[in-house]
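As a plain string of letters, each chain reads:
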Amino acid sequence: MKLKKFEGNPILKPNLKNDWENLVVCNPGVYYDNGKFYMLYRAAGDDEGHVIRFGLAVSKDGFHFERDSDRPVLGPSEQGPDMGCIEDARIIKLDDYYYVTYAFRPFPPGQYWKFAHDEVLTSDHGLHAPHFIKNNMANSALAMTKDFKQWIKLGRITDSNLDDRDVILFPEKINGKYAMLHRPKEWIGESYGVTKPAVWIRFSDDLLVWNEPSTMIIGGIDGGWEEKVGGSTPPLKTDKGWLVLYHGVEQGGLGYYRVGAVMLDLEDPTKVLGRTKDFIMEPEFDYEIEGYYKGCVFPTGNMIIDDTLYVYYGGADKYIGVATCDVNELIDFTLNQ
């Protein structure tokens, strides 16, 4: 089974008129509410530091989006741990607030595609500078808003000495606890049971305090399309379990980012009910191959509307696309692998 990509992709491209988004728009968090799609997209201009911000686009049909403003709706702080960039929003809603998890750095990463893989700009801040500062680490944070325009930044929700991205909240409490998916890059080796970064889940009584032990739910599979994995989209509650999309990266071959699906138990999401053996989406078109990561489909937003699953993704770290499928077909496919 494969997701069906919209023939009008990419649905959002860099905007040459705005210097803060004239190079990159990708990896959008999307939420559908009261008949309207809200897209919080990652944007960057052609500056050497590569400062990354969020823009807002809206749609009535989920396919045709218009920018809400010529200005970013959220950006790095002038003074604070997220001075360098904010990126890769994932959105849920609790009460009247949208809660957004995102990755951040203390300094701009630079145009990373010009460096070796997984390298970013760093500078010397002295012998006693924390690991976070020395290495320009990526951490993850939480913000809340009612309208995607007025924001409350709540701060870091991961350990400062871990590259812990792909942090995604469940949209409701489970057995009285909040739940989070995360992918700590350094949690590899014999003591962790995986040789490459994996998807973990942890629980908490408070959205800002995540110190309970984590459980690994899916790891990579050597020699295939998903040697390294990470969570992609917010879990969607269905009658048969939590539906979660994840990304897999091959270490050899073309190094492509592809997409799989996993079903987790409703009452105990540490239990995996089903996982796709083959990918359900891969890079195929120019907007997914010819960009700043050559060969990447990276979902960060999804919604179910009238049994249709809408999946929003970054293409080649430069564009935004959307794909759809019958959600019941995908659930049955995932559970019967």
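Structure report, in brief. Remember, it's a predicted structure, so these values are computed and weren't measured experimentally.

What follows deals with the nonpolar core. In terms of nonpolar packing, the biggest core is built from 24 residues, with Leu 40, Phe 54, Ile 91, Tyr 102, Phe 148 and Trp 151 touching the most fellow members. Within the residue set of this core, elements represented by two or more residues are β3 (36-44), β4 (52-59), β6 (85-94), β7 (97-105), α1 (131-134) and β8 (139-145). Sort the elements by how many residues they give to this core and β7 lands first, with four residues. Not counting the four nearest positions on each side in its chain, Phe 148 is found in contact with Tyr 38, Leu 40, Leu 56, Val 73, Ile 91 and Tyr 98. Among the nonpolar cores identified, the runner-up in size contains 20 residues, and Ile 280, Tyr 313, Val 327 and Ile 331 belong to it.

A cluster of acidic residues, Asp 306, Asp 307, Asp 326 and Glu 329, forms a negative patch at the surface. Structurally, Asp 307 is set in the loop between β19 (297-305) and β20 (308-315).

What follows deals with the pattern of salt bridges. Considering all chains together, one arrives at 23 salt bridges under this definition. For Lys 153, the salt bridge goes to Asp 82, with nearest N and O atoms at 2.7 Å. With a gap of 71 residues between them, Lys 153 in strand β9 (residues 151-156) and Asp 82 in the loop between β5 (66-67) and β6 connect regions that are remote in the sequence. According to the relative accessible area criterion, Lys 153 is partly exposed, its value standing at 32%. Residue Asp 82 is classed as buried on the basis of its relative accessible area, which comes to 5%. Connected via shared salt-bridge partners are Arg 90, Asp 163, Arg 165, Asp 166 and Arg 183.

Below, the discussion takes up the sheet that holds strand β11 (residues 178-184). Read across the open sheet, the four strands follow the order β10-β11-β12-β13; overall the sheet is antiparallel. Among the strands making up the open sheet, the edge pair consists of β10 (164-169) and β13 (215-218). The sheet shows a mean angle of 30° between the axes of neighbouring strands, direction not considered. Relative to strand β12 (residues 199-204), β11 is paired through five bridges, and the arrangement is antiparallel. Across the sheet, residue Tyr 178 finds its bridge partner in β12, namely Ser 204.

Criteria and cut-off values
- Residues numbered from 1 in each chain as written.
- Predicted model: local features only at pLDDT ≥ 70, side-chain atom pairs only at ≥ 80, totals over all residues.
- Heavy atoms only, no water.
- Core = buried A, V, L, I, M, F, W, Y, C linked by side-chain atoms within 4.5 Å.
- Buried < 20%, exposed > 50% of the residue type's maximum accessible area, 1.4 Å probe, protein only.
- Helix = DSSP H or I, 4+ residues; strand = E, 2+ residues; numbered from the N terminus.
- Contact = heavy atoms within 4.5 Å.
- Patch = residues over 30% accessible without salt bridge, like charges linked within 9 Å, V, L, I, M, F, W, Y side chains within 5 Å.
- Areas by Shrake-Rupley, 256 points an atom, 1.4 Å probe, with all protein chains shown as cover.
- Salt bridge = Lys/Arg side-chain N within 4 Å of Asp/Glu carboxyl O.
- Lys, Arg positive; Asp, Glu negative; His and termini not counted.
- Charge placed at Lys NZ, Arg CZ, Asp CG, Glu CD.
- Pairing = 2+ DSSP bridges.
- Axes fitted to C-alpha atoms, helices over the stretch in contact; angles between N-to-C directions.

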